Amino acid sequence: MSLASILGDEADTLTAAAYLHDIGYAPNLVDTGFHPLDGARYLRDVHQADDTLCRLVAHHSCAVNEALERALFVELTAEFDEERPELVQALTYCDMTTGPDGRHLDVTERLAEIHSRYGPEHLVSRSITASTPCILSAVRAVEAALSEVRQVGAG
């Protein structure tokens, strides 16, 4: 089921954020080495992208925990306010239920994939561990909203 059923007019913004949330990994965009911040800055400064899109990219998948690990919390939160929870949760759902190859994964499979790719001592693994309750809560919230829409449609 499409997330448009729970996001309405904001589904297009979420789709753009889902496609662009990892743009900060592009080698020519790396500044801080923290891809949510580098990507959001690029979208804001080079493309004058919509503020909502920039905030979503900056804060995707509980990025604040990695910002803390990288000592970039002040920069992230000073430059980009948090976006509305339902949009952040929807983007986290998209990110954390899709593998690097584009396949749909269960959130626990996706978390395991991240840990196996980086190893237990890497700061990304540490930040994902710290973010796991936030990530699981976001995925569950979106799944519950989708389930509710399905039930209303079936009733």
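Placed above this text is the structure.
An account of the accompanying structure is given in this report. (Residues numbered from 1 in each chain as written. Predicted model: local features only at pLDDT ≥ 70, side-chain atom pairs only at ≥ 80, totals over all residues. Heavy atoms only, no water.)

### Comments concerning the overall build of the chain
Across its full length, the chain holds 9 helices and 0 strands. Beginning at the N terminus, the succession of helices and strands in the chain can be written as α-α-α-α-α-α-α-α-α. Against the 2.2 N^0.38 benchmark of 15 Å for 155 residues, the chain shows a C-alpha radius of gyration of 15 Å, consistent with a compact globule. Dimensions of the chain along its principal axes, counting C-alpha atoms only, are 50 × 35 × 25 Å. (Helix = DSSP H or I, 4+ residues; strand = E, 2+ residues; numbered from the N terminus. Rg over C-alpha atoms; globule rule 2.2 N^0.38 Å.)

### Thoughts on the state of the cysteines
Enumeration over the complete set of coordinates arrives at 1 disulfide. The side chain of C62 participates in a disulfide bridge whose partner is C134; the two sulfur atoms lie 2.0 Å from each other. Measuring handedness by torsion sign, the sulfur bridge of C62 and C134 sits at about -85° and is left-handed. A residue pair is termed long-range when its members are at least 10 positions apart, and C62 in the loop between α4 (51-59) and α5 (64-69) and C134 in helix α9 (residues 123-154) qualify at 72 residues. What makes C62 buried here is its relative accessible area of 8%. No disulfide involves C94; its nearest neighbouring cysteine sulfur is the one of C62, lying 14 Å away. (Disulfide = S-S within 2.5 Å. Buried < 20%, exposed > 50% of the residue type's maximum accessible area, 1.4 Å probe, protein only.)

### Topic: the environment of R41
Structurally, the position occupied by R41 is in helix α3 (residues 35-45). Sequence-wise, R41 and L53 are 12 residues apart; in three dimensions their C-alpha atoms are separated by 11 Å. With residues up to four places along the chain from it excluded, the contact list for R41 reads D31, T32, V46, E75, E79 and F80. (Contact = heavy atoms within 4.5 Å.)

### Quick look at unusual backbone geometry
Of note in this structure, C62 is not a glycine but carries a positive phi near 60°. Its identity is not glycine, yet A71 carries a phi of approximately 55°, on the positive side. Within the secondary structure, A71 sits in the loop between α5 and α6 (73-79). A71 gets classed as exposed once you look at its relative accessible area, which sits at 62%.

### Remarks on the packing of helix α2 (residues 11-20) against α4
Remark: α2 packs on α4, axes separated minimally by 9 Å, with the N-to-C direction vectors making an angle of 40°. As far as their axial angle goes, α4 and α2 are oblique. Both α2 and α4 take part in a crossing whose hand is right-handed. Here T13, A16, A17 and L20 of α2 come into contact with α4, specifically with T52, L53, L56 and V57. Taken together, the residues that form the contact of α2 with α4 break down as 6 nonpolar, 2 polar and no charged. (Axes fitted to C-alpha atoms, helices over the stretch in contact; angles between N-to-C directions. Parallel < 35°, antiparallel > 145°, perpendicular 65-115°, else oblique. Left-handed = near helix turned anticlockwise from the far one by under 90°. Nonpolar A, V, L, I, M, F, W, Y, C, P; charged D, E, K, R; others polar.)

### Description of the environment of P85
Looking at the element boundaries, P85 is found in helix α7 (residues 85-96). Placed 20 residues apart in sequence, P85 and L105 show a C-alpha to C-alpha distance of 22 Å.

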